[in-house]
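Now for the letters of each chain:
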Amino acid sequence: MVNIDIPKNYSASPSSFSGTPLLTINSDVAIDHDSSNAFEGPEKLLEVWFSASSISLPAATAPAGLKVVPAKVWKDMLELVNCKVLSIVESERVDAYLLSESSMFVFPHKLILKTCGTTTLLRGLPKILEIAALNAGFPYATPNVEAGRSAAAKPYRVFYSRKNFKFPERQRGPHRSWRDEVYSLDQLFLRGSAYMIGKMNGEHWYLYLTEPNTILTPPATPTSERRETETRLLELPSTQGSLNAHDDYDDDQDETLEILMTDLDEETAKQFYLDNASAVAEDRYYRGDYKAHVDAKQYTEDIDGLHNNDESRPGNPRCLKTIDEEVDVFSNTSSDPADPGSSDSETLIYPEQLNTEGHPLGTIVSESCGLSDVYPVSKYPDARIDAYMFEPCGFSANGVIPAPTGRDATHYFTVHVTPEPHCSYASFETNVPNKQTGRQTADVIEQVVNIFKPGRFSVTMFEGVNTEDDHDDTGAGSIVAKKTETIDKHVARKRSRLDQIPGYKRVERIVHDLEGYELVFKHYVKDGWKGGAPRLGEVDGPSTI
């Protein structure tokens with residue numbers, strides 16, 4: 001039977017399992033939210049790192065870093081972004097906020113904010129820097145850009161990225177063009193780098209990032225004296241290898257996978273409409289109740305059979321008893337809920353929560369579409385998925401994935417779906433490392449793509465690499481040679497497998513070295529695809545700021 005209640009170990013009450021994430025739901029926002037205008041699926045993605053890791057926080061910082069910041073403070077910041085908090089899953093190492101437009105993840109040392117629609121994400125960035133300084137105790141400087149901000153924490157590193165918009169003319173603030181976004185970021189940080197990855201006349205992806213130990217922009221100078229960061233076009237390198245011979249490859253390095261899918265199969269996309277989700281929930285509810293009755297009846301008959309044995313007579317310690325022997329649970333009428341004369345169909349009251357947008361239907365959809373199987377509870381028993389179904393359509397989910405051993409960092413995944421045919425889009429993002437899953441990246445991509453069946457999709461992978469030189473004072477070149485060979489084999493094996501997603505053709509591949517990271521961008525088109533060219537929408541014109 002479908003259980004629409006939130007388990008005790010999945011609420012704001014103390015968990016019965018040590019280290020198990022806790023869920024808090026903002027009912028007021030969930031009830032009032034209207035997603036009918038969430039037309040722009042592709043998200044804006046911001047990562048602000050204030051330290052290289054959670055175990056290397058600056059001395060004066062709060063021990064829990066950004067996690068000490070109250071939810072109310074983050075909610076006030078999100079007002080600037082134009083989105084609301086629907087629910088929060090709290091865990092020891094990360095707090096996952098499910099938003100009215102996508103998601104936010106708060107770690108001790110970094111914040112990840114991902115928003116879709118016409119949200120104004122970059123308008124919240126100065127406030128994030130202020131919160132990190134005043135509430136979490138990160139080292140800061142006096143800001144010079146935005147009036148009213150008393151402090152700005154010095155980030156370790158900043159990343160901002162997004163796919164090309166379909167409806168850029170509907171964006172607000174600094175998000176009307178990539179050039180405006182770069183300008184806005186340059187007002188905050190020195191020596192940022194901007195890139196466009198992919199075809200200018202096809203699907204492409206934008207990226208802005210700062211160097212390690214980011215420097216805040218000093219007091220403003222006349223516009224004519226300020227350098228504007230140029231957006232560089234990344235093209236396919238001429239060689240297979242992208243890592244330098246002296247770079248260390250380490251499986252424990254930071255890695256993030258993002259799958260951006262468009263032109264979803266229309267029949268498959270129907271499962272992300274509320275009416276369809278309600279029908280699935282209703283079917284599961286009644287069928288689950290029917291099965292429970294059948295199982296209970298069989299159990300009762302088994303108990304009655306035991307009374308024919310002397311060992312099971314009353315008074316015998318091995319005797320089994322029903323909880324309430326005076327109530328006749330089963331009558332002579334049919335127990336099949338499909339039967340109009342069924343007593344069940346007359347007495348069962350179908351929960352209203354399974355007819356309206358919210359978390360109960362979100363849970364149903366995450367199970368029925370296969371999302372819950374990407375990181376199954378059989379392998380990750382403390383994993384939690386916080387899912388939400390919107391009215392009249394649309395779906396969002398956050399997953400908090402503690403490592404099975406409990407010793408490693410907690411990771412996340414997030415999914416967002418816009419199913420309307422004229423702008424269908426789905427995204428999947430995760431930082432669960434391959435080493436933890438025991439699967440290759442291509443296996444995860446294949447599983448996710450099979451859920452949504454897009455006409456085309458892009459994949460971006462960020463993988464951290466150690467860029468420190470490993471000098472050989474003896475002059476021998478064997479260490480460097482072995483490293484080069486290991487790296488080349490690893491890269492070749494990964495790329496070969498990623499080029500072979502069943503049912504799709506890889507039509508574009510770009511690999512680039514960024515300081516401390518390897519970036520891989522790939523674009524795929526479904527075999528036999530005849531859907532036409534993508535709707536680009538975006539033209540890189542002059543700044544409007």
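Here the structure is a predicted model, which means the values were calculated and not measured.

Student: In this structure, what is going on with the sheet that holds strand β13 (residues 255–264)? I would like to understand it.
Tutor: In a beta sheet, neighbouring strands pair by backbone hydrogen bonds and run either parallel or antiparallel. Taking strand neighbours across the sheet as the criterion, the 8 strands line up as β14-β15-β16-β17-β13-β18-β20-β19 in an open arrangement whose pairing is antiparallel. On the outer flanks of this sheet lie β14 (384–389) and β19 (504–514), each paired with one strand and no other. Ignoring strand direction, the axes of neighbouring strands in this sheet form an average angle of 10 degrees. In the packing of helix α8 (residues 359–368) onto the sheet, contacts are made with β14 and β15 (395–401), and the angle to β14 comes to roughly 115 degrees. In this fold helix α10 (residues 441–452) packs onto β13, β16 (411–418), β17 (425–430), β18 (454–464) and β19, with an angle of close to 30 degrees to the strand it touches most, β13.

Student: Is there a simple way to think about the packing of helix α2 (residues 71–81) against helix α3 (residues 125–134) in this case?
Tutor: Axes are the key here: two packed helices are described by the angle between their axes and the distance separating the axes. Close contact between α2 and α3 brings their axes to 9 Å; oriented N to C, the two are set at 160 degrees. When the interaxial angle is binned, α2 and α3 end up roughly antiparallel. Along this stretch, α2 crosses α3, giving a crossing that reads as right-handed. Counting all contacts with α2, which are made through Val73, Trp74, Met77 and Leu80, the residues of α3 involved are Lys127, Ile128 and Ile131. Partitioning the contact of α2 with α3 into residue classes produces 6 nonpolar, no polar and 1 charged.

Student: Please clarify how unusual backbone geometry should be interpreted in this entry.
Tutor: Leaving glycine out, the prevailing phi sign among residues is negative, and the prevailing peptide bond configuration is trans. Omega for the peptide link from glutamate 391 to proline 392 comes to 0 degrees, which places this bond in the cis form. Positive phi outside glycine occurs at arginine 191, with the angle close to 55 degrees. Residue placement: arginine 191 occurs in the loop between α4 (178–186) and β10 (193–198). A residue is classified by how much of its surface remains accessible, and arginine 191, at 43% relative accessible area, is partly exposed. You will see that asparagine 213, though not glycine, has its phi angle at about 60 degrees, which is positive.

Student: Sorry if this is basic, but what is going on with the pairing of strand β2 (residues 44–49) here?
Tutor: Looking down a regular strand, the side chains alternate between one sheet face and the other. In terms of residue burial, β2 counts as a mostly covered element, since 6 of its 6 residues are buried. Burial along β2 is two-sided: Lys44, Leu46 and Val48 facing one way and Leu45, Glu47 and Trp49 facing the other are all buried. In terms of strand pairing, β2 meets strand β9 (residues 157–163) through 6 bridges, oriented antiparallel. Within β9, the residue paired with tryptophan 49 across the bridge is arginine 157.

What counts, and where the lines are drawn
- Residues numbered from 1 in each chain as written.
- Predicted model: local features only at pLDDT ≥ 70, side-chain atom pairs only at ≥ 80, totals over all residues.
- Heavy atoms only, no water.
- Pairing = 2+ DSSP bridges.
- Helix = DSSP H or I, 4+ residues; strand = E, 2+ residues; numbered from the N terminus.
- Axes fitted to C-alpha atoms, helices over the stretch in contact; angles between N-to-C directions.
- Contact = heavy atoms within 4.5 Å.
- Parallel < 35°, antiparallel > 145°, perpendicular 65-115°, else oblique.
- Left-handed = near helix turned anticlockwise from the far one by under 90°.
- Nonpolar A, V, L, I, M, F, W, Y, C, P; charged D, E, K, R; others polar.
- Buried < 20%, exposed > 50% of the residue type's maximum accessible area, 1.4 Å probe, protein only.

The values reported here are purely geometric and, on their own, carry no functional implication.
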